[in-house]
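Given next are the chains, with one letter for each unit.
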Number of protein chains: 2
Amino acid sequence: MNLQKTQGAASVSFGKPVYIQSAASIAGKKEGEGPLGSCFDMICEDPLFGTDTWEAAESTMQKEAATLAIGKAGLKPEEIRMVFAGDLLAQSIASSFGIAEMGIPFYGLYGACSTMGESLSLGSMAVAAGYGEHILCATSSHFASAEKEFRYPLGYGCQRPLSATWTVTGSGACVIGSQPPSFPSSGDAIPLRLENSCAAITEITTGKIIDYGFKDSLNMGGCMAPAACDTIYQHLYDFGRSPSDYDAIITGDLGLVGQKILLDLLSEKNIDISSVHQDCGLLIFDNSTQDTHSGGSGCGCAATVLCAYLLPKVIAGEWKRILFVPTGAMLSKVSFNEGDPVSGIAHAIVIEQVTVS
Amino acid sequence: MNLQKTQGAASVSFGKPVYIQSAASIAGKKEGEGPLGSCFDMICEDPLFGTDTWEAAESTMQKEAATLAIGKAGLKPEEIRMVFAGDLLAQSIASSFGIAEMGIPFYGLYGACSTMGESLSLGSMAVAAGYGEHILCATSSHFASAEKEFRYPLGYGCQRPLSATWTVTGSGACVIGSQPPSFPSSGDAIPLRLENSCAAITEITTGKIIDYGFKDSLNMGGCMAPAACDTIYQHLYDFGRSPSDYDAIITGDLGLVGQKILLDLLSEKNIDISSVHQDCGLLIFDNSTQDTHSGGSGCGCAATVLCAYLLPKVIAGEWKRILFVPTGAMLSKVSFNEGDPVSGIAHAIVIEQVTVS
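Residues numbered from 1 in each chain as written. Chains lettered and ligands numbered in written order. Predicted model: local features only at pLDDT ≥ 70, side-chain atom pairs only at ≥ 80, totals over all residues. Heavy atoms only, no water.

1. Section: the pairing of strand β1 (residues 11-28) of chain B
All names here are of chain B.
Next, step 1: Taking burial as the measure, the 18 residues of β1 include 14 buried ones, the bulk of the element.
Next, step 2: Relative to strand β7 (residues 170-177), β1 runs antiparallel, the two being bridged by eight bridges. Residue pairing for β7: Ser22 is matched across the bridge by Val175.
Next, step 3: Pairing of β1 with strand β2 (residues 42-44) involves three bridges; the strand directions are parallel. Residue pairing in the sheet places Ile26 in a bridge with Met42 of β2. (Buried < 20%, exposed > 50% of the residue type's maximum accessible area, 1.4 Å probe, protein only. Helix = DSSP H or I, 4+ residues; strand = E, 2+ residues; numbered from the N terminus. Pairing = 2+ DSSP bridges.)

2. Digging into the relation of the copies chain A and chain B
Next, step 1: The two copies are related by a screw operation: chain A maps onto chain B through 180° of rotation and 0.0 Å of translation along the axis, at an RMSD of 0.0 Å. The superposition of one copy onto the other is thereby described by a two-fold rotation axis.
Next, step 2: Taken together, the interface assignments show that 100% of the residues at the interface of chain A recur at the interface of chain B, consistent with an identical surface on both copies. (Least-squares fit on C-alpha atoms with pLDDT ≥ 70 in both. Contact = heavy atoms within 4.5 Å.)

3. With respect to the nonpolar core
Next, step 1: Core analysis: the largest hydrophobic core is formed by 105 residues, its most contacted members being Ile351(A) and Ile351(B).
Next, step 2: Apart from residues no more than four positions distant in its own chain, Ile351(A) is found in contact with Ile20(A), Ala199(A), Ala200(A), Ile201(A), Leu306(A), Leu311(A), Val314(A), Lys320(A), Arg321(A), Ile322(A) and Phe324(A). (Core = buried A, V, L, I, M, F, W, Y, C linked by side-chain atoms within 4.5 Å.)

4. With respect to the packing of aromatic side chains
Next, step 1: All told, the structure shown has nine aromatic pairs over all chains when counted by the stated rule.
Next, step 2: A ring pair is formed by Tyr309(A) and Trp319(A), whose centres lie 6.5 Å apart and whose planes are at 85°; its orientation type is edge-to-face. With Tyr309(A) in helix α10 (residues 299-315) and Trp319(A) in the loop between α10 and β13 (321-325), this residue pair connects regions lying 10 residues apart in the sequence.
Next, step 3: Trp319(A) sits in the buried class, given a relative accessible area of 8%.
Next, step 4: Seen from their ring centres, Phe143(B) and Trp166(B) are 4.1 Å apart, and the 5° between their planes marks the pair as stacked. (Phe/Tyr/Trp six-rings, centres within 6.5 Å; stacked < 30°, edge-to-face > 60°.)

5. Comments concerning the interface of chain A and chain B
How large an interface is tends to be reported as the accessible area lost when its parts come together.
Next, step 1: On the chain B side, the residues contacting the 56 residues of chain A number 56 residues.
Next, step 2: Summing both sides of the interface, chain A and chain B together bury roughly 4400 Å²; the carbon and sulfur share of this comes to 62%.
Next, step 3: Contact with chain B buries surface across chain A, with Gln91(A), Tyr107(A) and Tyr131(A) losing the most and accounting together for 18% of the total.
Next, step 4: On inspection of chain A and its partner chain B, the count reaches two salt bridges. (Buried area = accessible area lost by both parts, 1.4 Å probe. Salt bridge = Lys/Arg side-chain N within 4 Å of Asp/Glu carboxyl O.)

6. Considering the confidence of the model for chain A
Next, step 1: Overall, the predicted model of chain A reaches an average pLDDT of 94, with 96% of residues at or above 70.
Next, step 2: Overall fold confidence (pTM) sits at 0.97, and the ipTM for the predicted complex is 0.96. (pLDDT = per-residue confidence, 0-100.)

7. Considering the pairing of strand β10 (residues 248-251) of chain B
All names here are of chain B.
Next, step 1: Side chains Ala248 and Ile250 project from β10 onto one buried face, and the interleaved Ile249 and Thr251 project onto a second face that is buried too.
Next, step 2: Of the pairings in the sheet, the one linking β10 to strand β11 (residues 277-279) comprises three bridges and is parallel in character. Bridging across to β11, Ile250 finds its partner in Gln278.
Next, step 3: Chirality of the crossover, the property in question, places the unit of β10, helix α7 (residues 255-268) and β11 among those that are right-handed. (Right-handed = clockwise from strand over helix to strand, strands pointing away.)

8. With respect to unusual backbone geometry
Residue and element names in this part refer to chain B.
Next, step 1: Of note, the phi angle at Ala112 is positive, near 50°, even though the residue is not glycine.
Next, step 2: Position of Ala112 among the secondary structure elements: in the loop between β4 (106-109) and α4 (115-128).
Next, step 3: Phi at Asp291 takes a positive value of approximately 55°, unusual for a residue other than glycine.

9. Looking at helix α7 (residues 255-268) of chain A
All names here are of chain A.
Next, step 1: In a regular helix each residue adds 1.5 Å, so 14 residues correspond to 20 Å; α7 covers 20 Å between its end C-alpha atoms and thus fits that length.
Next, step 2: Of the residues making up α7, those classed as buried are Gly255, Gly258, Gln259, Leu262, Leu265 and Leu266. Along the long axis of α7, the arc covered by the buried residues comes to 130°, so they all point the same way. In α7, the exposed positions angled more than 90 degrees off the buried face are occupied by Lys260 and Glu268.
Next, step 3: Contacts from the buried residues of α7 go to α6 (220-239), β10 (248-251), β11 (277-279) and α8 (280-283).
Next, step 4: Directly beyond the C-terminal end of α7, a positive phi value near 65° is found at Asn270. (Expected span 1.5 Å × (residues − 1). Arc of directions from axis to C-beta.)

Okay, here's the thing in structure tokens:
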């Protein structure tokens, strides 16, 4: 391994842990039938979530996930100092309609499928600086609203190439703060604290937009892999670490195709993460039976896998330190139709098991 | 005046000033012909900014404004620790294509026309917490890309109601940091420092999404006025101040219609800001000769007026303390077509003249 600085540092190490006080995940039917089905807090069988449109469905799902996370932390919306949220839809309407009614000071984000990373990055900086006791970080995606936003009407029944990913219908939300979570009530499916062990964000690395000139919006993994490579490399450089310092390095939604490219790109830099690499898009679906091609994607992919599967492993001490790297592809249907490339971004979050008294 | 707390505090007061180290503005031809024409750093006569599409034009403009701001601060892009940027277009493509090439750690935002407020809000929190020496805050809007995004193709020549605003073609960018700006070189049109006086951000109030159920996307001022009212009210409450504590309270792009509603709404709360209220949308165009109906709007409206007109007044001491309140309307063409309301958000930034040795 031979790390060379490419540009200025992009990381922050927090003096004291930013605790994950609660986490909640809501997923759709298909996600509920996947390998992590038993881990989600809630699975909604109705893809419209009781509403009339795909967009309202996604808003409702995000609001429910946020409400659940706030409730699990034993809080009321008015005790949340600020929220960082975004989604894939144009003008981030899933978030602005979803969380709007809660009356919480709101910072709207756009980081494509990296949004959970962006929101935790900004949220943890705000907590560490003392700007709020409780900060909500949330995002969502919905298969049908995303297909409508970026690709073809569902009714066309278009075929998808094997490099394509399947947008996860799901929403994840975390409340983070400067104090550790309280002990769970007995009804909590996934406790955020086990005796004196919980999960905390200790470091972040902010992503840069990386453009390799790829133009295939049905190969998002390929478009995002260079950004994941850049952020992971920058992170290891900034902290002088090697992949073995992490029990897992988990990208957001590179899928099978993107994973291979990421491993190849890092290998060119003499970095081998193959033994610790996982990808939320490969964890959430069973590719052999669920027909999801390259894997899962969408803001909700990394967010629900974090809340439902990664955090419990950290809290239980199965993993002591992980690098969570949600990845996003920067494009719109207009930019795609105008022939622009699809660039990528990835934000890295270090989550560690911490001991509290 | 009778302030009553509505919900938890939404403001931060920084222990020491967050200095505005540089500011740059680029505007289009129509804006250049308006009352502030002589104040902009650059006016581009070509609405396509030398590109082939409206979206590329906006990206180019935003990149040029950012480059100009970085240069004015005597910096190189690699010395910028992070950037907060966004725009009106779906998936914020003007920003992701505009600033991407600079290789700066990037946080993408969506706050509609309030984006300059959101970026300065987050940027100043990051500076005050010591996360970076130099942070770039930028946004843009373009009349033609915005009409394409939200309304009708320009070629239709649609009539617009008098409540409609005219999206500003313009981009503003600021570099902020913990140290005061250096003395300007003699060629600077607008010095960011005069002897030992400069401008700094001292306080912020984060906006909430406020939805009064308005559905008229051709009356954005009306849709955003309740949010401006909420943020101004919350700000005055949080700091125990009255409007007379400010030399000016400047909203983003309420226009004539929104201004009247804002003054009425605040009046219902026994707050009278009429003697100090200004609106960037009313400052940037001459309504009597430029056919802009209710006024200017767009992310670029508040951003260019701030950089070109407001900051110089603060630096020169004509104003000692102002409240800058960019306003945004939360909608997409999908949400509009599905009959959803247009909610609003407004972020408040206190900018003061400060003395440095």
